[in-house]
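# Summary of the model geometry
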Amino acid sequence: MRLPRRAALGLLSLLLLLLPAPEAAKKPTPCQRCRGLVDKFNQGLVDTAKKNFGGGNTAWEEKTLSKYESSEIRLLEILEGLCESSDFECNQMLEAQEEHLEAWWLQLKNEYPDLFEWFCVKTLKLCCSPGTYGPDCLACQGGSQRPCSGNGHCSGDGSRQGDGSCRCHVGYQGPLCTDCMDGYFSSLRNETHSVCTACDESCKTCSGPTNRDCGECEVGWVLDEGACVDVDECAAETPPCSAAQFCKNANGSYTCEECDSSCVGCTGEGPGNCKECIPGYAREHGQCADVDECSLAEKACVRKNENCYNTPGSYVCVCPDGFEETEDACVPPAEAEATEEESPTQLPAHEDL
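For clarity, every value in this text was computed on a predicted model and none was experimentally measured.

What counts and how
- Residues numbered from 1 in each chain as written.
- Predicted model: local features only at pLDDT ≥ 70, side-chain atom pairs only at ≥ 80, totals over all residues.
- Heavy atoms only, no water.
- Patch = residues over 30% accessible without salt bridge, like charges linked within 9 Å, V, L, I, M, F, W, Y side chains within 5 Å.
- Areas by Shrake-Rupley, 256 points an atom, 1.4 Å probe, with all protein chains shown as cover.
- Salt bridge = Lys/Arg side-chain N within 4 Å of Asp/Glu carboxyl O.
- Helix = DSSP H or I, 4+ residues; strand = E, 2+ residues; numbered from the N terminus.
- Axes fitted to C-alpha atoms, helices over the stretch in contact; angles between N-to-C directions.
- Parallel < 35°, antiparallel > 145°, perpendicular 65-115°, else oblique.
- Left-handed = near helix turned anticlockwise from the far one by under 90°.
- Contact = heavy atoms within 4.5 Å.
- Nonpolar A, V, L, I, M, F, W, Y, C, P; charged D, E, K, R; others polar.
- 1 Å grid on protein atoms, 1.4 Å probe; cavity = no way out; pocket = protein on both sides within 12 Å on 5 of 7 lines; lining within 4 Å.
- Points joined across faces, edges and corners; volume = space filled by probe spheres on them.
- Buried < 20%, exposed > 50% of the residue type's maximum accessible area, 1.4 Å probe, protein only.
- Lys, Arg positive; Asp, Glu negative; His and termini not counted.
- Charge placed at Lys NZ, Arg CZ, Asp CG, Glu CD.
- Disulfide = S-S within 2.5 Å.
- Phe/Tyr/Trp six-rings, centres within 6.5 Å; stacked < 30°, edge-to-face > 60°.

## Considering a nonpolar patch on the surface
- Residues Y309, V316 and V318 make up a contiguous nonpolar surface patch of about 250 Å² in total accessible area.
- Within the fold, V318 resides in strand 20 (residues 314-318).

## Some points on the packing of helix 5 (residues 88-108) against helix 6 (residues 115-123)
- Running from N to C, helix 5 and helix 6 cross one another at 135°; their axes reach a closest spacing of 11 Å. Judged by the angle between their axes, helix 5 and helix 6 are oblique. Considering only the axes of helix 5 and helix 6, their crossing is right-handed. Taking contact as the criterion, the partners of Q97, H100, L101, W104 and L108 in helix 5 are, on helix 6, L115, W118, F119 and T123.
- Considering only residue class, the contact of helix 5 with helix 6 consists of six nonpolar, three polar and no charged.

## A short note on the layout of surface pockets
- Estimated volume of the largest pocket: approximately 240 Å³.
- The element contributing the most residues to the lining of the largest pocket is strand 13 (residues 245-250), with three residues.
- Taken together, the residues of the lining of the largest pocket break down into seven nonpolar, three polar and one charged.

## Describing the packing of helix 2 (residues 30-47) against helix 4 (residues 72-80)
- Contact geometry of helix 2 with helix 4 gives a least axis separation of 9 Å together with a crossing angle of 130°. Comparing their axes, helix 4 and helix 2 come out oblique. The two elements helix 2 and helix 4 meet at a crossing, and its hand is right-handed. Residues F41, G44 and L45 of helix 2 form the contact with helix 4, whose participating residues are R74, L75, I78 and L79.
- Per-class residue counts for the contact of helix 2 with helix 4 are five nonpolar, one polar and one charged.

## Some points on the pattern of salt bridges
- Under the criterion given, the structure shown has seven salt bridges.
- A salt bridge links R33 to D87, with the shortest nitrogen-to-oxygen separation between them at 3.6 Å. In this pair, R33 sits in helix 2 while D87 sits in the loop between helix 4 and helix 5, placing the two residues 54 residues apart along the sequence.
- R33 sits in the partly exposed class, given a relative accessible area of 21%.
- Owing to a relative accessible area of 23%, D87 belongs among the partly exposed residues under this scheme.
- Between K122 and E117 there is a salt bridge; the shortest N-O distance is 4.0 Å.
- You can call K122 partly exposed: its relative accessible area is 48%.
- One network of salt bridges, with partners in common, ties together K27, R33, D87 and E89.

## A few points about a negative patch on the surface
- On the surface, E72, E95, E98, E99 and E102 cluster together into a negatively charged patch.
- For the negative patch, the leading source of residues is helix 5, giving four residues.
- Assignment of secondary structure puts E99 in helix 5.
- Judged by its relative accessible area of 69%, E99 falls in the exposed class.

## Quick look at the state of the cysteines
- Tallied over the entire structure, the rule returns 19 disulfides.
- Residue C319 pairs covalently with C330 via a disulfide, S to S 2.0 Å. Between C319 and C330, the S-S torsion sits near -75°, and that sign places the bridge as left-handed. Taken together, the residues span a long stretch of sequence, with C319 in the loop between strand 20 and strand 21 (324-325) and C330 in strand 22 (residues 330-331) at a distance of 11 residues.

## Here we look at the packing of aromatic side chains
- By the definition in use, this model includes three aromatic pairs.
- Aromatic pair F41 and W104: ring centres 5.9 Å apart, planes at 80°, arrangement edge-to-face. Within this pair, whereas F41 is found in helix 2, its partner W104 is found in helix 5, the two being separated by 63 residues in sequence.
- Residue W104 is classed as buried on the basis of its relative accessible area, which comes to 3%.
- Ring centres of W118 and F119 lie 6.4 Å apart, and the angle between their planes is 20°; on these two criteria the pair is classed as stacked.
- You can call W118 buried: its relative accessible area is 9%.
- Judged by relative accessible area, which is 1%, F119 ranks as buried.
- Cluster of aromatic residues (ring-pair linked, three or more members): F41, W104 and W105.

Taken by themselves, the reported measurements are silent on function.
Shown next as structure tokens:
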């Protein structure tokens, strides 16, 4: 059964609506839009800082018309550059809030020099001051001055969202990010600051920076005379790697590497560490080297006129160009022709009439 065109398009539209939106396609929050508008306004201030009215007599213009620095002309130039023509939501916000920006510029900027704080936080109530969160701009965990003890990020910090809880940086944990995770130790702790430093790689827990300060050894290390030392897995009675591999120890672990192609088993990298050589190779100067079967006293190719060519681990027997190949020899062209001429031609038998 074939769906009608309109029904098919409707089904496709429904499927597209049900698909989850990609992360990059998420719309900015109202706070982010407000902050973006303020950032562009501040950039406009920088871009117009050294400009003037552009006439021939700047001194007269500033004396008669007021200074460009605080003029409406400068404000209009800044406002014109705030939004791209295609950014509908930016232009919508600018159109709705242009009177606020004009009021701040002409009357309030000296009293409230921080445009973001006055515009986005206090006037539009879209954002919060740094260190505060949520609809009522409450202080983050640990206080607004140093949220999360300076060791994490406050959920909703600077916005009207989030719950103010701490998301700790790596190495820290706890409600205020003052405790150290496993693998870290407290190198500084007082009423205002907590600093966690990474343990030695051999320690799972520790009280200091060396392998002698471990409370518990990490996997791949073992306690030996008061210190966590690396376990050499390669020295185990039962090797951890296959017969065609050799073991390479590493701190806290090991790797299995392939033996050289000339080896039957090996103890390390290259043809010099073979336990035995594969057929076609023999130990020479301490390593497995290709045997040149073509140079041996006993000929490898036994047919007459046959050429021998060595290959890695083997050899091939080939007749020269122009020679014919038989079971016992490589026959030169002249001999092959003579043999054909000497062969008697069998005539068909005739019956007596």
